[in-house]
Each structure stands twice: as structure tokens, then as C-alpha cells.
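# Structural overview for review
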Amino acid sequence: MQRREYLQGAMGIGVASVATGCLGLTETNENVVLDEPDRKTESSDLPYPAWNEKIPDVTLPKPLTTQETVTLRNVDKPRLVEFFYSHCQTVCPVLTSTMRNIQTHSLNNGYGDQIEFFPITFDPERDDAKRLSTYADEMNINTDAKNWQFLRPKSKDRAKSVITDKFGFKFSRTHPENMDMYMFAHMPLILLVNADDYVERAYTSKSPDAEKIISNLKTIRNA
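Residues numbered from 1 in each chain as written. Predicted model: local features only at pLDDT ≥ 70, side-chain atom pairs only at ≥ 80, totals over all residues. Heavy atoms only, no water.

This part is about the overall build of the chain. Assigned secondary structure in the chain consists of five helices and eight strands. Moving toward the C terminus, one meets the helices and strands of the chain in the order α-β-β-β-α-β-α-α-β-β-β-β-α. Sorting the 223 residues of the chain into buried and exposed places 49% on the buried side. For the chain, the share of sequence-separated contacts (at least 6 apart) that also reach a separation of at least 24 residues comes to 70%. When the accessible surface of the chain is split by element, carbon and sulfur atoms take 46% of a total near 11,500 Å². (Helix = DSSP H or I, 4+ residues; strand = E, 2+ residues; numbered from the N terminus. Buried < 20%, exposed > 50% of the residue type's maximum accessible area, 1.4 Å probe, protein only. Contact = heavy atoms within 4.5 Å. Areas by Shrake-Rupley, 256 points an atom, 1.4 Å probe, with all protein chains shown as cover.)

The subject of this paragraph is helix 3 (residues 129-138). Residues three or four positions apart in an α-helix share a direction because the helix packs 3.6 residues into each turn. Those residues of helix 3 lying buried are Arg131, Leu132, Tyr135 and Ala136. Considered in projection along helix 3, the buried side chains sweep an arc of 140° and stay on one side of the axis. Turned more than 90 degrees from where helix 3 packs its buried face, Lys130 and Asp137 sit exposed. Where the residues of helix 3 are buried, they touch strand 3 (79-84) and helix 2 (92-108). At the C-terminal side of helix 3, Asn140 shows a positive phi close to 60°. (Arc of directions from axis to C-beta.)

Before going further, it helps to spend a moment on the pattern of salt bridges. What the rule picks out here adds up to seven salt bridges. Between Glu68 and Lys62 there is a salt bridge, and its shortest N-O distance comes to 3.0 Å. Residue class for Glu68 comes out partly exposed when judged on its relative accessible area of 38%. A relative accessible area of 11% means that Lys62 is categorised as buried. The partner of Lys160 in a salt bridge is Asp165, and the shortest N-O contact between them spans 3.4 Å. When its relative accessible area of 45% is taken as the criterion, Lys160 is described as partly exposed. Residue classification places Asp165 among the partly exposed positions, given a relative accessible area of 22%. (Salt bridge = Lys/Arg side-chain N within 4 Å of Asp/Glu carboxyl O.)

For sheets, the rule is that strands pair by backbone hydrogen bonds, running either parallel or antiparallel. If you walk across this open sheet you meet the four strands as 4-3-7-8, and the pairing is mixed. With one partner strand each, in any of the chains shown, strand 4 (116-121) and strand 8 (199-203) form the two edges of the open sheet. In this sheet, neighbouring strand axes are inclined to one another by 15° on average, regardless of whether the strands run parallel or antiparallel. Judged from the four bridges that link them, strand 3 and strand 7 (residues 190-193) form a sheet pairing that is antiparallel. (Pairing = 2+ DSSP bridges. Axes fitted to C-alpha atoms, helices over the stretch in contact; angles between N-to-C directions.)

Glancing now at helix 2. In a regular helix each residue adds 1.5 Å, so 17 residues correspond to 24 Å; helix 2 covers 24 Å between its end C-alpha atoms and thus fits that length. Taken residue by residue, helix 2 has Cys92, Leu95, Thr96, Ser97, Thr98, Met99, Arg100, Ile102, Gln103 and Ser106 as its buried positions. Where helix 2 is buried, its residues contact strand 3, strand 4, helix 3, strand 6 (184-186), strand 7 and helix 5 (210-222). Looking one or two residues beyond helix 2, the residue adopting positive phi is Gly110, at roughly 80°. (Expected span 1.5 Å × (residues − 1).)

Counting 56 residues, the largest nonpolar core has Leu72, Leu80, Phe83 and Ile163 as the members making the most contacts within it. Mapped by element, the contributors of at least two residues to this core are strand 3, helix 2, strand 4, helix 3, helix 4 (156-164), strand 7, strand 8 and helix 5. The residues touching Leu80, leaving out its near neighbours within four places in the chain, are Met99, Ile102, Ile115, Glu116, Phe117, Phe118, Ile190, Leu191, Leu192, Ile213 and Leu217. (Core = buried A, V, L, I, M, F, W, Y, C linked by side-chain atoms within 4.5 Å.)

As enumerated under the stated definition, the model contains 14 aromatic pairs in all. Ring centres 4.9 Å apart and planes at 20° place the aromatic pair Phe83 and Phe169 in the stacked group. A residue pair is termed long-range when its members are at least 10 positions apart, and Phe83 in strand 3 and Phe169 in the loop between helix 4 and strand 5 (171-173) qualify at 86 residues. In terms of burial, Phe83 and Phe169 fall into one category: buried. Ring centres of Phe122 and Phe169 lie 5.6 Å apart, and the angle between their planes is 40°; this geometry places the pair in the tilted category. (Phe/Tyr/Trp six-rings, centres within 6.5 Å; stacked < 30°, edge-to-face > 60°.)

Moving on, we come to the side chain of Gln103. One can find Gln103 in helix 2. A polar contact of 3.1 Å, which involves the side chain of Gln103, links it to the side chain of Asn147. For Gln103, the contacting residues outside a window of four places in its chain are Phe117, Ile141, Asn142, Ala145, Asn147 and Trp148. (Polar contact = N/O pair within 3.5 Å; in protein donor to acceptor, adjacent residues only side chain to side chain.)

Structure representation (C-alpha cells):
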């Protein structure tokens, strides 16, 4: 399913609540726990899935395990989904550090089995199992904990079809094809998804607030 087709379905779900909001009334939405964020743009106008929209139904390999995959809609607990590549020298290390800090908080405070972390690379050519294992060590990520799983499309074409076409996350290579040390231009994005596969928050800050995300997670977990 293309992102445009997905949005049409999501817009149908949200028509009643949007119309009610225009009247200045409040209506409980059964898909999400958190209230609609204060923003100028509706979810349906964004390229990526946002508040009260369901994540796309995609399956991706877990490169640090043997012949295992994850279907993101089959995860029955809240999860954080990040888009990254390990050679990034700007925003990705900050986003991944935020995810790591939240993972550490979950393990130290007894709710590690109630949440999942799914960083998805859009650079599968370089981010193979060996590289991601090294990256985890560099970033002090606890991959022995079962709640952290790197996901890797099998090819750059698959990365585009899943990450751009399905999730609406755009990235573009900034150096010629014949250069080994290339980079990507991309936006920062972490999705907070509830146990029913609906996006509760789309964090687009270059420096996300881990404490705020932890607070949002607590609200969702306790609902």
C-alpha cells in the first residue's frame, strides 16, 4: 500500500473527530490514549503517519538474529520506531541516544518487557549485522535485552519501498554513487506507537525530550 492510499483510509477514521474539533467540542478517540498534540498541521497533511493514524503493515528482518523478522503490526505492546543510518554524524546519534536512554530507564524501572524499540536503517548497504553490532557497542545499547531490535531492509530498493513509500519518510543520498563514504539528507523522526498500532506521537525534534517521551509512555502503558 502506498502512503497516499494509506492516508485516504486514515482520513476516513478521523473525519468525525476533526469535524467535532472545528465546533470547539471534545470527543474521546478510542484509537489513542494521548490527546491530540498542539500543532498547526493535521495528521492527514503530513507525509508520515502521525497522531491517530495506524502504522503501515510491513515486515522487516532483524539482522542481529538469524533468519528472524518483525511484522510491526504484530507487536502487541507500545513501541518506539526510529529511522536512522549508523554513519550519520548529525542527528541520528542524538535520536539513537534518546532511544537508548529510554531503554535504560525501562530496564532500570521494571517495565522493559512492556515496550519495544525498533530503529530502522535506511542504509542497508553498509548497515549489515556486523556494522550494527559495532554501532550498538559504540552507542552503549543493550542489545541483549529483548526489547531492542535493529531492523534492516534487504536492499536499498526495499528501503525506499518501505521507509519512503510506506512510512512517508524521505531520505536522499548527498554524494555520488561511486563514493564509499556517502551521507544522507533526512529529517529527524521517532514514532511512539501504541499496542493497537496507532501513532500517539511523532517526534520531529533534532533533540527529543527523553523525559517527555517516558512520561507519554507511562500514560499509554497505564491506560
